[in-house]
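Read off the chains here:
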Amino acid sequence: MLRRKVDLRKVFLPSDSIAFVVIALGLFIALFLDEMAVRLIGVCITILGGVALFMMVSPRLADMSGNRAPRPSDSPSIESQVKRDPLKTSRVFDSKEYKDTFGIDESEHESVVDEKQIALWDDEAPKSEAIPEKRLEPIRTPVVPIETELGDGVSSVRILGKRSASADAKEPALAINSRVVGKSEQRMQPSLAPVFPAVTGPITEEIKLSDDVIVRPKSQDKQTEKSTEATVQTPRVADVPQNPGAEEMEHEISEENVLQERVSQEVPVRKRKSEIAVSAFMADNDDEMESSEEPRKEFDYLLNRVLMVIRSATNARTAAFFWFNKEKNELVLEASISDATEELIKERKIPLGRDVVSQIALDGRPEILTEISPAAELDLLSYYRYRAGTLSFVGVPVYYRGNVVGVLCADSKIEDAYSDVTVGFFGHFTKLISGLVSSYTTKFDLQQKSRVLDALQTFKTVSQDSPSSVERVLSALTDTVIRLMEVSTIGYVVYDHTRHEWTVRDVQSVIEDYHSLIGSAVDLARTAVGQCITSGRVVTSTSSNQSTRITPKEPNVLGAQFIALPMRSTHSTYGAMFLENNEGSLSQQDLAVAETLADHAGTLIEQIRGLERLQDSALLDYDTGILNLSGFESRVREEFARSTDYQLPLTVCLIKTDPLRPGRGHETEKIQRIILSHVLSRIREQIREYDVIGRYSDDVIVVGLVAYTSHEAHFWTEGLRRDIASTPLDVDGKRITTTISAGIAQANPRDSWDTLLQNAASALDISAQLQNKVTVFS
C-alpha cells in the first residue's frame, strides 16, 4: 500500500503564527482563570483562532491534493515475490505471466475482420470466395438515415438519423443500398407488423409510413442485381464521401444473422490493419516532427513524449529507456528525463552487470526496489555516477517479437512510490514502445531500400553511357560510391587472364602511395582482400602493421577502417572492391548500399565475361555479320598454307576509317557506325566471292585478297579509297564525306601468318598518321 507523506513545512507558514497565538491565548483563559464567564470567552477565542487557522491551511491542503498525479487503478494479476536484504527490498514479478500479458505483439494476433462487408460502389464488387469459419462482432454499416427509431427490443434492426433538406439530391448509386434494404425488409417485418400492419411481405412500391419515414422497393435492374452479389466491404472513414447534407443511417446486424448469411453466401476475408497518424501524438504547436524525415528522429521524439507522461504520472524523478544489446552484452541509454541530470552518467553504453536494470533485461521480469540503502545505490542503479538519494525504483522489460529489446524504468525519492499497479501502468507503455519500434524498423527498412534503389539507378545511369567492359563497370562503380558516401580509398582486385593471377586493377585514393599498387599481384591466402574473394563474404578490419590488407607494398594507415566487399553473382565471385576510411567509419547502412552495388557489378562482370567467351567461340561479328578476327584468321590461315604450297600470291589489306572532325558530340558514335556500314558495303561490292573479309577491330576491316600481288592489291585499294572519298553520306539531313586509310602486306613463304599481319599493321600506322592514304609494306 502506498503511504503518502505530508510536508508540514508546506502546510503551515510563518504567517499562521497569529492564529496559533490566538488559540493558545484562548486555551490559557479557558483552563486557568476561575470565573465561568471568562472561561467561556476563552473557549470562543480558541474556536475563532481554530477557524481562522483552518481557513488558511485548507486551501494549501487542497492544492497539494490537486497537484498529485492521478494513478492507474487497475492492478495486473501477476504473481510476485518480495525479497529483503540489508541493502534493499525488492519485489520481483513472474516473467512468464508478464510476458503473456504485455510481451505479445498486437501483430501476432489475427485481427477480427468484417467478413460481411458490402462494396461501396457497384464496380468495386470482387468475385466471392470461400471463407473460413470465424465468429464476428455485429456489423456496423453506414447507409441512408431517416429520423425515427423502429424496433421492439427483439429485432436486430435499428434505424437512426435525420432526413436532411438535400435528401432529394442525386447521389451515386450505392451497391449497399439495395442489399441492406432487401435484408431490412425481411428482418423488420416481424417487429413492424404490430405497428404498421400494411407492411406484410415484399414491398413492390414506395410506401409512405409517415412524414419522415418512407420505404422504397428493392431495385431490380441488372446493376443492382450485380451489386447484391458483391463482396461485403466496410469502407474506411477516408473512403466515405463527406457530405454534410447527405443522409445517414446506422444498421446493426446481430451475430446470429451474420453467421446464417455467411453459410448461405461466400465472401472473401480481407484483413485490415488499423493505422494511427503520427499527428495524433503531437501537440498543435509542435512542428519538429513534421519537418523530420528521419525515422530515428521520429522514434526519439515519441519516446521522449512517453517518458514525459510516465514521469509526470508516477511521482518519478528520473524516467529512462535502455536498449538491450545481447550480442555485445551492454545496455544503451536511448532517452531519459530527469531532475537529477548532474548525477546521471555521461556515457550511453553501460556494460551488463549486477545492477537491477541489467537483471531485468537478462531475466525478462519486472522488479520494484524500495528501502534502497545509500551505500548500494550506485551498485543497483548503474545510470547514476553520484548518489542521488533514490528510495524507490521500478523497471519493466520491453518485448518485441517475443524477445527483450529494452528496459523501461523510473525512480523516485519517495519511499514505496511504486506498486503492482505501476507495473501494469508501465506494461501498457511497453506495448506502445514495442509498436513504435515496429514502426521505426518498417520505415527504416523502406528508407534503406529506397536508398539502395537510388544507388542502383545512379550506377545504371553512369554505366550505360559507354560500351560494356570490365574497366567501364569498375569506373562507374567508383563514381557511384564516391557520390553516395565518404571514402578515402577505393580500389578493385580482379583476375588477369593474360597473367593468370589476381591483380589490383584500379585504385583511387587521397594517398598517392596507393596508386603504385595498380597491377600488383594479390595473394589470396594471406590478405584480407583474398579472404573476401575466396569466402565470398564482406571482410572488415582495422589497418595495422600485423595484417596485410591488399599487398605487402600497401601504405600503412593506422586506425583506418578497411572493408573488402566481394563482387559476386549467383554462381561465383569475380573480384573484390575494397574501401578505406582514414577518418571515421562507414555506417551499416552505407555498407549495405556498397555491398549491393558490388553484387550488381559482379553480375555485370559475369555477363561481360560470358559475352567474351561467346565471342571467342563465335566466327561471325555480331554487329556487321562478317567474320570476326578469330574466324578471319582461321579462314586466311588456310589460304596462307595454300599460297605457300602452290606458289600463289596472297595479300592482306587493313582498311581503317579516318576519324571525324571534333565537335560532333554525342552523335560521333552513331555516325561512326553509319560510316563503317558504308565502307563495308563498298568493299563487298568490289571483292570476289573467294576473297576473305573480316573485322579486325572496332574501326578496322581486314581483307584477304587471294592470288593478288601487293601491286595488284595497291591498285584495288586505291580505287576503293577514291570511291569512298567521292561518295558523301546523308546523316540526319546532313551530307558527310569520309575517307579511309589502308595498309598492305604480301605473304612471304619464309614468314609466318603473325608476321604477315604485323607487317600490314605497320603499313596501316603510317597511312593513319597521314589519313586518306594507302601504304604498301616493303
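Residues numbered from 1 in each chain as written. Predicted model: local features only at pLDDT ≥ 70, side-chain atom pairs only at ≥ 80, totals over all residues. Heavy atoms only, no water.

Enquirer: For the overall build of the protein, give the residues involved together with the corresponding values.
Expert: Check the secondary structure of the protein and you find 18 helices and 24 strands. A burial count over the protein gives 43% of its 778 residues as buried. (Helix = DSSP H or I, 4+ residues; strand = E, 2+ residues; numbered from the N terminus. Buried < 20%, exposed > 50% of the residue type's maximum accessible area, 1.4 Å probe, protein only.)

Enquirer: Please provide a residue-by-residue account of the packing of aromatic side chains, values included.
Expert: Under the counting rule described, the total for this entry stands at 12 aromatic pairs. Judged by centre distance (6.1 Å) and plane angle (25°), the rings of F562 and F578 are stacked. One end of the pair, F562, is in strand β16 (residues 561–568); the other, F578, is in strand β17 (residues 573–581), with 16 residues separating them in the sequence. The exposure class of F562 is buried, given its relative accessible area of 1%. Aromatic pair F632 and W753: ring centres 6.2 Å apart, planes at 50°, arrangement tilted. One end of the pair, F632, is in helix α15 (residues 629–646); the other, W753, is in helix α18 (residues 753–770), with 121 residues separating them in the sequence. Comparing F632 with W753, the two get one shared label, buried. (Phe/Tyr/Trp six-rings, centres within 6.5 Å; stacked < 30°, edge-to-face > 60°.)

Enquirer: For the packing of helix α11 (residues 420–463) against helix α12 (residues 470–484), give the residues involved together with the corresponding values.
Expert: Between α11 and α12, the shortest axis-to-axis distance is 9 Å and the interhelical angle comes to 135°. Looking at the two axes, α11 sits oblique to α12. As α11 runs across α12, the sense of the crossing is right-handed. Listed contacts from α12 to R451, A455, T458, F459, V462 and S463 of α11 are R472, V473, A476, L477, D479, T480, R483 and L484. Split by residue class, the contact of α11 with α12 holds seven nonpolar, three polar and four charged. (Axes fitted to C-alpha atoms, helices over the stretch in contact; angles between N-to-C directions. Parallel < 35°, antiparallel > 145°, perpendicular 65-115°, else oblique. Left-handed = near helix turned anticlockwise from the far one by under 90°. Contact = heavy atoms within 4.5 Å. Nonpolar A, V, L, I, M, F, W, Y, C, P; charged D, E, K, R; others polar.)

Enquirer: Quick rundown of the environment of F429? Include the residues and the values.
Expert: With respect to the helices, strands and loops of the structure, F429 is situated in helix α11. The exposure class assigned to F429 is buried, which follows from its relative accessible area of 13%. As a C-alpha pair, F429 and F102 span 327 residues in sequence and 9.2 Å in three-dimensional space. Once you skip the residues sitting within four places of it in the chain, F429 turns out to touch V306, V309, I310 and L408.

Enquirer: Give a description of the environment of L303 that names residues and reports values.
Expert: Relative to the assigned elements, L303 resides in helix α8 (residues 295–313). On the basis of relative accessible area, L303 is assigned to the buried category, the value being 0%. Here the alpha-carbon distance between L303 and A320, two residues 17 residues apart in the chain, equals 9.6 Å. With sequence-adjacent residues up to four places away left out, L303 is seen in contact with F321, E334, A335, I433 and L436.

Enquirer: Kindly report on the nonpolar core, identifying the contributing residues and their values.
Expert: Counting residues in each nonpolar core, the largest one holds 64 residues, and the members touching the most others are F322, V357, Y383, F393, L408, F426 and I433. A per-element tally of this core places α11 first, with nine residues. Those residues in contact with L408, other than ones at most four positions away along the chain, are L307, I310, A320, F321, V394, G395, V396, V398, F426, F429, T430 and I433. Core analysis: the next-biggest nonpolar cluster, separate from the first, contains 30 residues, L474, L477, M577 and V593 among them. (Core = buried A, V, L, I, M, F, W, Y, C linked by side-chain atoms within 4.5 Å.)

Enquirer: Which residues make up the sheet that holds β17, and what are the values?
Expert: Each strand in a sheet pairs with another by means of backbone hydrogen bonds, the pair being arranged parallel or else antiparallel. Taking strand neighbours across the sheet as the criterion, the five strands line up as β14-β13-β17-β16-β15 in an open arrangement whose pairing is antiparallel. At either end of the open sheet lies a strand with only one pairing partner, and these are β14 (501–509) and β15 (539–542). Strand-to-strand twist in this sheet, taken as the mean axis angle between neighbours without regard to direction, amounts to 20°. Where strand β13 (residues 489–496) meets β14, eight bridges bridge the pair, whose relative direction is antiparallel. Bridged to V494 within β14 is T503. In the packing of α12 onto the sheet, the strands contacted are β13, β14, β16 and β17, and the crossing angle to β13 comes to about 160°. (Pairing = 2+ DSSP bridges.)

Enquirer: Give a description of unusual backbone geometry that names residues and reports values.
Expert: A positive phi is found at N329, a non-glycine position, where the angle reads about 55°. Here N329 shows up in the loop between β7 (318–325) and β8 (330–338).

Enquirer: Tell me about the pairing of strand β20 (residues 700–706), and please be specific about residues and values.
Expert: The side chains of a regular strand alternate between the sheet's two faces. By the criterion of burial, β20 is predominantly enclosed, with seven of the seven residues buried. Burial along β20 is two-sided: the residues V700, V702, G704 and V706 and I701, V703 and L705 are all buried. Pairing analysis gives seven bridges linking strand β18 (residues 650–657) to β20, with the strands arranged antiparallel. Of the residues in β20, the one forming a bridge with T651 is L705. Relative to β20, strand β19 (residues 692–695) is paired through four bridges, and the arrangement is antiparallel. Across the sheet, G694 pairs through a bridge with V702, a residue of β20.

Enquirer: How would you summarise the sheet that holds strand β24 (residues 774–776) if you had to cite specific residues and measurements?
Expert: Read across the open sheet, the five strands follow the order β19-β20-β18-β23-β24; overall the sheet is mixed. Sheet topology places β19 and β24 at the edges, where each strand pairs with a single neighbour. Taking the axes of each pair of neighbouring strands and ignoring which way they run, one obtains an average angle of 15° across the sheet. In the sheet, β18 pairs with strand β23 (residues 740–746) via seven bridges, with the strands oriented antiparallel. Along β23, the bridge assignment pairs L654 with G743. Packing of α15 onto the sheet brings it into contact with β18, β19 and β20, and relative to β19 it is tilted by some 150°. Seen against the sheet, α18 touches β18, β20, β23 and β24 and runs at an angle of roughly 145° to β23.

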